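# Results of the structural survey
Chain by chain, the residues run as shown.
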Amino acid sequence: MTLVLRHPVMIAAGCGGTGPELAPYVEMADLPFVTRTLTRDPRAGSPGARMAESPSGLLNAIGMDNPGVAHFLEHELPWLVRAGAQVFVSLAGSTLGEYAELARRVGAAPGVAGIEVNVSAPDPGGAGIFEAREPFHAASAVAAVRRATPADLPVLAKLRPDVARVVESARAAVEAGATAVVVGNAVPAALPGGRPAGLTGPAIAPVALRCVTEVCGRLPQVVVVGCGGVADVAGARALLGAGAAAVQVGTALLRDPTTAMRLLAALGTDPSTRPREEP
Amino acid sequence: MGERDPRHVLAEVLASRRAGAFRHLTLTARGIPELFRPGTFVAASVAPTQMTRRALWIHRVSPTGTFGPTLDVVVEPRGVGGRWLADLTVGARVELTGPLGRPFSLPREPVACLLVGEGWSAAPLFPLAERLRDRQSAVTFLLSGADEAHLLTPREARRMARAAHVVTADGSVGRHGDVMSVLPAVLESTGAAVVYAAGPTALLRAVAGAAAAAGAQSQVALQEPLPCGTGLCRACVIGVRGTDGAAHQVRACLEGPVLPGDRVAWESLGGGR
Ligand SMILES: Cc1cc2nc3c(=O)[nH]c(=O)nc-3n(C[C@H](O)[C@H](O)[C@H](O)COP(=O)(O)OP(=O)(O)OC[C@H]3O[C@@H](n4cnc5c(N)ncnc54)[C@H](O)[C@@H]3O)c2cc1C
Ligand SMILES: Cc1cc2nc3c(=O)[nH]c(=O)nc-3n(C[C@H](O)[C@H](O)[C@H](O)COP(=O)(O)O)c2cc1C
Ligand code: FES
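Every residue gets a number counted from 1 within its own chain, in the order that chain's sequence is written. Following the order in which they are written, the chains are lettered starting with A and the ligands numbered starting with 1. Owing to the predicted nature of the model, reporting of local features is limited to residues with pLDDT of at least 70; listing and counting of side-chain atom pairs is limited to 80 or more, with chain, interface and lining totals taken over all residues. With hydrogens and water stripped out, all remaining heavy atoms of the structure feed into the side-chain values.

Here we take up the domain arrangement of chain B. One widely used convention gives an interface's size as the accessible area the parts lose upon coming together. Residue and element names in this part refer to chain B. The assigned domain composition of chain B is domain 1 (7-100) and domain 2 (112-268). A separation of 21 Å is found between the C-alpha centroids of domain 1 and domain 2. Residue contacts follow a heavy-atom distance rule, with two residues in contact if any of their heavy atoms lie within 4.5 Å. Between domain 1 and domain 2, the contact holds 23 residues from the first and 25 residues from the second. Reported buried area values correspond to the accessible surface (1.4 Å probe) lost by two parts on association, with both partners' losses combined. Counting each side, the surface lost to burial between domain 1 and domain 2 is near 1,900 Å², with a carbon and sulfur contribution of 69%. If you sort the residues of domain 1 by the area they bury against domain 2, Phe22, Trp57 and His59 come out on top, with a joint share of 35%. Salt bridge, as used here: a side-chain nitrogen of Lys or Arg that lies within 4 Å of a carboxyl oxygen of Asp or Glu. Between the two partners, domain 1 and domain 2, sit one salt bridge. Between arginine 60 and glutamate 156 there is a salt bridge, and its shortest N-O distance comes to 3.1 Å. Where each domain starts and ends follows an automatic or database-derived domain assignment.

With that settled, the discussion passes to the environment of A:Arg255. Put simply, DSSP H or I for four residues or longer makes a helix, DSSP E for two residues or longer makes a strand, and each gets a number counted from the N terminus. Summarising the element assignment, A:Arg255 is placed in helix H8 (residues 251-255). Owing to a relative accessible area of 16%, A:Arg255 belongs among the buried residues under this scheme. Sequence spacing of A:Arg255 and A:Glu74 is 181 residues, and the spatial spacing of their C-alpha atoms is 30 Å. In this view, A:Arg255 contacts B:His8, B:Ser45, B:Val46, B:Ala47, B:Pro48, B:Gln50, B:Met51 and B:Arg53; residues no more than four positions away in its chain are not counted. As used in this structure description, the phrase polar contact means that two N or O atoms lie within 3.5 Å; if the pair is within protein, one of them must be able to donate a hydrogen and the other to accept it, and residues adjacent in sequence are counted only when both atoms belong to side chains. Only 3.4 Å separates the side chain of A:Arg255 from the backbone oxygen of B:Val46, close enough to count as a polar contact. Accessibility here uses a 1.4 Å probe with only protein chains present; expressed as a share of the type maximum, an area under 20% marks a residue as buried, one over 50% as exposed, and anything in between as partly exposed.

Candidate patch residues must exceed 30% relative accessible area and have no salt bridge, after which like charges are joined if within 9 Å and Val, Leu, Ile, Met, Phe, Trp or Tyr side chains if within 5 Å. Methods summary: accessible areas were calculated by the Shrake-Rupley approach with a probe of 1.4 Å, and residue burial reflects only the protein chains presented. By the counting scheme adopted, Arg and Lys are positive, Glu and Asp are negative, and His together with the chain ends is not counted. Charge coordinates come from a single atom per side chain, which is NZ of Lys, CZ of Arg, CG of Asp or CD of Glu. Taken together, B:Arg4, B:Arg37, B:Arg131 and B:Arg135 make up a surface patch of like positive charges. Considering the arrangement of structural elements, one finds B:Arg37 in the loop between helix H1 (32-35) and strand S3 (41-44).

All names here are of chain B. Whether a residue is near a molecule or strand is decided by its heavy atoms; if any one of them lies within 4 Å of it, the residue is near. In the vicinity of ligand 1, 21 residues are found, and the nearest of them are Arg54, Ala55, Val74, Gly79 and Gly81. A distance of 2.8 Å separates an oxygen atom of ligand 1 from a polar side-chain atom of arginine 54. A distance of 2.3 Å separates an oxygen atom of ligand 1 from a polar backbone atom of glycine 81. Relative to its free-state accessible area of 810 Å², ligand 1 is covered by the protein chains to the extent of 90%. Of all the secondary-structure elements, those providing two or more residues to the shell around ligand 1 are strand S4 (54-57), strand S6 (68-75) and helix H2 (79-86).

Let us look at the UniProt feature "binding site: [2Fe-2S] cluster" (unreviewed entry) in chain B. UniProt positions are given in the numbering used here, feature names are shortened, and annotations may be inferred rather than shown by experiment. If you check UniProt for "binding site: [2Fe-2S] cluster" (unreviewed entry), the listed places come out as B:Cys228, B:Cys233, B:Cys236 and B:Cys253 in our numbering. In sequence the annotated residues extend across 26 residues, while in space they remain close, none of their C-alpha pairs exceeding 10.1 Å. When you line up the elements, B:Cys233 lands in the loop between strand S13 (217-221) and strand S14 (237-241). Not counting chain neighbours up to four residues away, the residues in contact with B:Cys233 comprise A:Met51, A:Ile62, A:Leu254, B:Pro227 and B:Cys228. Tracing the chain through its elements places B:Cys236 in the loop between S13 and S14. With sequence-adjacent residues up to four places away left out, B:Cys236 is seen in contact with B:Pro225, B:Leu226, B:Val250, B:Arg251, B:Ala252 and B:Cys253.

This part takes up the side chain of A:Thr179. Positionally, A:Thr179 belongs in the loop between helix H5 (166-175) and strand S8 (180-183). Setting aside chain neighbours within four positions, we find A:Thr179 in contact with A:Met1, A:Thr2, A:Leu3, A:Arg146, A:Pro154, A:Val155 and A:Val223.

What follows concerns the site of ligand 2. Taken together, 22 residues form the shell around ligand 2, and within it A:Ala13, A:Thr37, A:Lys158, A:Gly229 and A:Thr251 come nearest. Chain contributions to the surroundings of ligand 2 come from chains A and B. A distance of 2.8 Å separates an oxygen atom of ligand 2 from a polar backbone atom of A:Ala13. In this structure, A:Gly229 approaches ligand 2 through a main-chain N or O atom, which is 2.6 Å from an oxygen atom. Taken by itself ligand 2 offers 600 Å² of open surface, and the protein chains cover 94% of this. The classification used treats Ala, Val, Leu, Ile, Met, Phe, Trp, Tyr, Cys and Pro as nonpolar, Asp, Glu, Lys and Arg as charged, and all other residues, Gly among them, as polar. When the residues that make up the shell around ligand 2 are grouped by side-chain class, the tally is eight nonpolar, 12 polar and two charged.

It is worth spelling out the packing of helix H5 (residues 179-190) of chain B against helix H6 (residues 201-213) of chain B at this point. Residue and element names in this part refer to chain B. Interaxial angles span 0 to 180 degrees and are taken between N-to-C directions of axes, which are lines fitted to C-alpha atoms, for helices over the stretch in contact. Where H5 meets H6, the axes come as close as 10 Å, and the angle between the chain directions of the two elements is 25 degrees. As the angle between them shows, H5 and H6 are arranged roughly parallel. The interaxial crossing formed by H5 with H6 has right-handed handedness. Of H6, the residues touching H5 (which contributes Val179, Met180, Leu183 and Leu187) are Leu203, Ala206, Val207, Ala210 and Ala211. Partitioning the contact of H5 with H6 into residue classes produces nine nonpolar, no polar and no charged. Oblique is the label for any angle not covered by the other classes, which are roughly parallel (under 35 degrees), roughly antiparallel (over 145) and roughly perpendicular (65 to 115). By convention the crossing between two helices is left-handed if the near helix lies anticlockwise of the far one by an angle smaller than a right angle, and right-handed if it lies clockwise.

Now for the sheet that holds strand S10 (residues 196-200) of chain A. All names here are of chain A. By the convention used here, strands pair only if DSSP detects at least 2 bridges between them. Taken together, four strands build an open sheet; the order of strands is S3-S4-S10-S9 and the sheet is antiparallel. The sheet is open, and its two edges are formed by strand S3 (51-54) and strand S9 (187-190), each paired on a single side. Across the sheet, the axes of successive neighbouring strands diverge by a mean angle of 35 degrees, strand direction being ignored. Of the strand pairs in this sheet, S9 and S10 are connected by four bridges, and their pairing is antiparallel. When the bridges of S10 are listed, alanine 189 appears paired with alanine 197.

Here the amide bond leading from A:Val183 into A:Gly184 is cis, since omega sits at 0 degrees, within 30 degrees of zero. The topology assignment puts A:Gly184 in the loop between S8 and S9. In the segment running from B:Gly98 into B:Pro99, the intervening peptide bond is cis, with an omega of -10 degrees. Considering the arrangement of structural elements, one finds B:Pro99 in strand S7 (residues 93-100).

Here it is, written out as structure tokens:
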């Protein structure tokens, strides 16, 4: 099983709306699109201010605001599939059983191209989801999803951009059945005043680059998708040059919703952007 | 990427002029003026270190100028983004996305309309007044501000409307006081059937309440922070009440920023600014 992406630029989880919001600015057909993280039951997300700026960065405390997987499957997925997007559904459960249940339901839905297991939320406790404190916790969630997902569906494990643990996490995730790893999520941080939040945007690009470099260097056979701080072609090329097979863009879309288009136009012809085959 | 979809463009500043405490900017923005309806806004990218956008009301459009379609915005030079925008000089470039959001709804029949706006927030009320006047509605303005410098153009309001009432907090021009000190009397004298309001949340809430008490409809232009303006980030959720009375969460940038005053679950909102 390998990861075949139709484009080397993916829309990062939670940053592309439900799809139609992005459609005015991007050709949706063939676009690898990761949904916001879905949980079994609807979640209202955090009350109060959810976002603040930090120099070249963004702090968010959305708190996994989502309508629950049933609503997603019925009302949001069909639009994405009709638009021709390559849909990766991001999932998080409060228990391993919930991860498995979510994977079963999503894996059976027509048009889903893959699953992204979110085991790297910057504030899992606050969001009430399974806490992947150790690499083996993350791996057990990946294993639960892998077992419940049809064998021909790629499972991506989205990891924390924790330089000290990321190689170990990637190895454990792949051993647990991940087709590829996404390196990584928001950097755990705090809003002014101290509420937990995730830091994203160009401010974290050097952290993402370090994490991608470590994983690609130490685990050359693992397919890595780089994520964190990509806002322009140079940023995308930096992660691809470090060995990533593709990149995800998130925060940059809030500033310029055409970012994915711009990057694709510039990268489209790069030979380095072809996903690597599994050996 | 359809005909009627909002655009993301690199706009160029054609003119920048001071108006009291504010700056009026005229920008080229191909595609945006053509789709404009009063109450819609543009999201502007500011300094490269700032990841969120700044929403700006579209104050005026001219679809056919010498430089092609242009739009005007009014900015107050405060905060990182406000100052960055106000400092833009002629020829400077700025990324704009728009027009975004739901516009003001217009009454089907000609009726008396009261337009209430504070400071720069009154910007979207001027093109609204034009549309209402074109449809034979009687338009009255009620403009407020901290002082004369923070009032958006009573002179223009008088030109467009049947009457323009002015209140300032320091009494430097017009009546001394705030909107609520004169609103009930103005509602009564105009017999307004619809009240349109733009300003900080506390003002909108008070205006919506007063309108309801006078038996008028209200349309409020909310100014809750909109970090992306395009519906992508979900940081702008507010509560609205459906026809069943139950509150549900919507994104202010998509379902708003203009909403009927009686649909807003006011207790779900922050202070606004
Ligand atoms: C629908 C809408 C229309 C607006 N129209 C105008 C306009 O026509 N002219 C104008 O000068 N300003 C307008 N604003 C406010 C403007 O978007 C900026 O918030 C303001 O310029 C302050 O920028 P700042 O850099 O100080 O933000 P900061 O204080 O640095 O704020 C950081 C964040 O908070 C948000 N924020 C701050 N103040 C406000 C506010 N008053 N309302 C909403 N969000 C805020 C910012 O968007 C930003 O995401 C509007 C806001 C909204 C929501
Ligand atoms: C508003 C917002 C919402 C996000 N929602 C999710 C989410 O639901 N699930 C997830 O795994 N990551 C989420 N993320 C993290 C992004 O997918 C991405 O990993 C992170 O922002 C780093 O990339 P960037 O710097 O390009 O934004 C979110 C980020 C932002 C800014
Ligand atoms: S401002 Fe981002 S979704 Fe509304």
